[in-house]
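Report on the structure
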Amino acid sequence: MEQRSKEWFKAREGRFTASEISRLLGKETLKSTKQSIDTFAFEKAVETIYGKEDNDVISFDMQRGITLEPLAFKIFKELKAVDFIDVKEVGFYPYKKHSGASPDGVTSDNSNLEIKCPRRNKFFKLVAKGIEVVDPKYIAQQQMQMLSAKTEKSHFFNYYLENGLEYWHEIIIERDETMIDLIKSRIIQATEIKLDYIEKINKNSQW
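All of the points below concern the structure found in this document. (Residues numbered from 1 in each chain as written. Predicted model: local features only at pLDDT ≥ 70, side-chain atom pairs only at ≥ 80, totals over all residues. Heavy atoms only, no water.)

Looking at the packing of aromatic side chains
For any pair of aromatic rings, geometry is given as the distance between the ring centres together with the angle between the planes. Selection criterion: Side-chain rings of Phe, Tyr and Trp, where Trp is taken by its six-membered ring, are said to pair if the distance between their centres is within 6.5 Å; with planes under 30 degrees apart they count as stacked, over 60 as edge-to-face, and otherwise as tilted. Exposure is judged per residue with a 1.4 Å probe applied to protein chains only, and the accessible area is read against the type maximum: over 50% gives exposed, under 20% gives buried, and values in between give partly exposed. Runs of E in the DSSP output that reach at least two residues are strands. Runs of H or I that reach at least four are helices, and both are numbered from the N terminus.
Across all of its chains, the model carries 10 aromatic pairs by this definition. Their ring planes at 70° and their centres at 4.9 Å tell us that tryptophan 8 and phenylalanine 9 sit as a pair that is edge-to-face. Since its relative accessible area comes to 6%, tryptophan 8 is described here as buried. Look at phenylalanine 76 and phenylalanine 157: their rings are 5.1 Å apart centre to centre, the planes differ by 65°, and that puts the pair in the edge-to-face class. Placement of the pair is phenylalanine 76 in helix α3 (residues 60–82) and phenylalanine 157 in strand β7 (residues 153–162), with a sequence separation of 81 residues.

Examining the pattern of salt bridges
To keep it simple, the criterion reads: The salt bridge criterion pairs a side-chain nitrogen of Lys or Arg with a carboxyl oxygen of Asp or Glu, the two atoms within 4 Å.
Using the criterion set out here, one finds 14 salt bridges in the structure. Across the pair arginine 23 and glutamate 20 runs a salt bridge whose closest N-O atoms are separated by 3.0 Å. In this structure, the salt-bridge partner of aspartate 109 is lysine 153, at a minimum N-O distance of 3.7 Å. In this pair, aspartate 109 sits in the loop between β5 (105–107) and β6 (111–116) while lysine 153 sits in strand β7, placing the two residues 44 residues apart along the sequence. Here the salt bridges share partners, and the residues they tie into one network are Glu20, Arg23 and Glu43.

Considering the side chain of glutamine 145
The following threshold applies: Residue contacts follow a heavy-atom distance rule, with two residues in contact if any of their heavy atoms lie within 4.5 Å.
One can find glutamine 145 in helix α5 (residues 136–149). Look at glutamine 145 and you get buried, because its relative accessible area is 0%. Excluding its chain neighbours within four sequence positions, the residues that come into contact with glutamine 145 are Ala18, Ala101, Ser102, Pro103, Asn112, Glu114, Lys150, Thr151 and Ser154.

Thoughts on the sheet that holds strand β3 (residues 93–95)
Applicable threshold: Two strands make a pair as long as DSSP finds a minimum of two bridges between them.
Taken in spatial order, the three strands of this open sheet run β1-β4-β3, and their pairing is mixed. The outermost strands of the open sheet, each flanked by one partner alone, are β1 (16–17) and β3. Taken together, the three bridges between β3 and strand β4 (residues 99–101) define a ladder with antiparallel strand orientation. Bridging across to β4, tyrosine 95 finds its partner in serine 99.

With respect to a nonpolar patch on the surface
As a reminder of what qualifies: Residues with no salt bridge and a relative accessible area higher than 30% make up the patches, which join like charges within 9 Å and nonpolar side chains (Val, Leu, Ile, Met, Phe, Trp, Tyr) within 5 Å. We get accessible surface area from the Shrake-Rupley algorithm with a probe of 1.4 Å; when it comes to residues, only the shown protein chains can shield them.
On the surface, Phe124, Val127, Leu165 and Tyr167 cluster together to form a nonpolar patch covering roughly 330 Å² of accessible area. Among the elements of the structure, α4 (120–129) and β8 (165–174) are those that each provide at least two residues to the nonpolar patch. Within the secondary structure, leucine 165 is located in strand β8.

Quick word on the nonpolar core
Applied cut-off: Here, the term nonpolar core denotes a set of buried Ala, Val, Leu, Ile, Met, Phe, Trp, Tyr and Cys residues that are joined through side-chain atoms within 4.5 Å.
Counting residues in hydrophobic clusters, the biggest one holds 17 residues, and the most contacted among them are Phe16, Ile21, Leu24, Met144, Leu147, Ile183 and Ile187. Only α2 (31–50), α5 and α6 (177–204) provide two or more residues apiece to this core. Of all the elements, α6 adds the most residues to this core, at four residues. Contacts of isoleucine 187, omitting those with residues within four sequence positions, involve Ile21, Leu24, Tyr95, Ser99 and Met144. Counting 11 residues, the second largest nonpolar core, distinct from the first, contains Leu68, Val87, Leu113 and Tyr159.

Overview of the pairing of β8
Each regular strand shows side chains that alternate between the opposite faces of the sheet. Sheet analysis places β7 next to β8, joined by 10 bridges and oriented antiparallel. Within β8, the residue paired with leucine 161 across the bridge is glutamate 166. Hairpin connection, β7 to β8: the antiparallel pair is bridged by two residues, and asparagine 163 has positive phi, about 50°.

Thoughts on the sheet that holds β8
The five strands lie next to each other as β2-β5-β6-β7-β8, forming an open sheet whose pairing is mixed. Two strands close off the open sheet at either side, each with one partner strand: β2 (87–88) and β8. In the sheet, β5 pairs with β6 via three bridges, with the strands oriented antiparallel. Within β6, the position partnered with valine 106 by the bridge is asparagine 112.

Topic: unusual backbone geometry
Here phenylalanine 84, not a glycine, exhibits a phi torsion of approximately 60°, which is positive. Looking at the secondary structure, you find phenylalanine 84 in the loop between α3 and β2. Phi is positive for lysine 150, which is not a glycine, with a value near 60°.

Shown next as structure tokens:
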């Protein structure tokens, strides 16, 4: 299943996916966390019933990632081949019935691949400081990917292209069972809210 294909979008429809899983992970006692979970669950309830809303806007940063990701994948694959590690593209890994993840690849050493193509300063800050400046939402995304794909770590591969010159930097994200347990529990919580919204919408519909 090719990423961004019709089949891929359909497989993700109505599910809590890795790219937004951080929306479920704030402190449970905070009002903002409860609101975030409720809002996310409501969005997925509507999406489950009526399909994905066709109003996605592709930003400049998103388009850069879409354009550069195949180049980054090629570089990563070549680098790992030197160590006799095979890399393959994958589609969508469901986690139970209401969630899942789409890593940019999986490797023969039981790992995921997540590619980002950040802007210049963000890229070189990652080079300088490493994991301490990785956006927490990307950490959560990769933990959800590891949960869904049943892998042990993630290759966080950042790629930058300027004036025809390619730059890349890899950070290993280790599997964090504490965060994964939190993700599991929040998915259960959000799923219950989502199903309740589905029932209410279907019951109260007047068309």
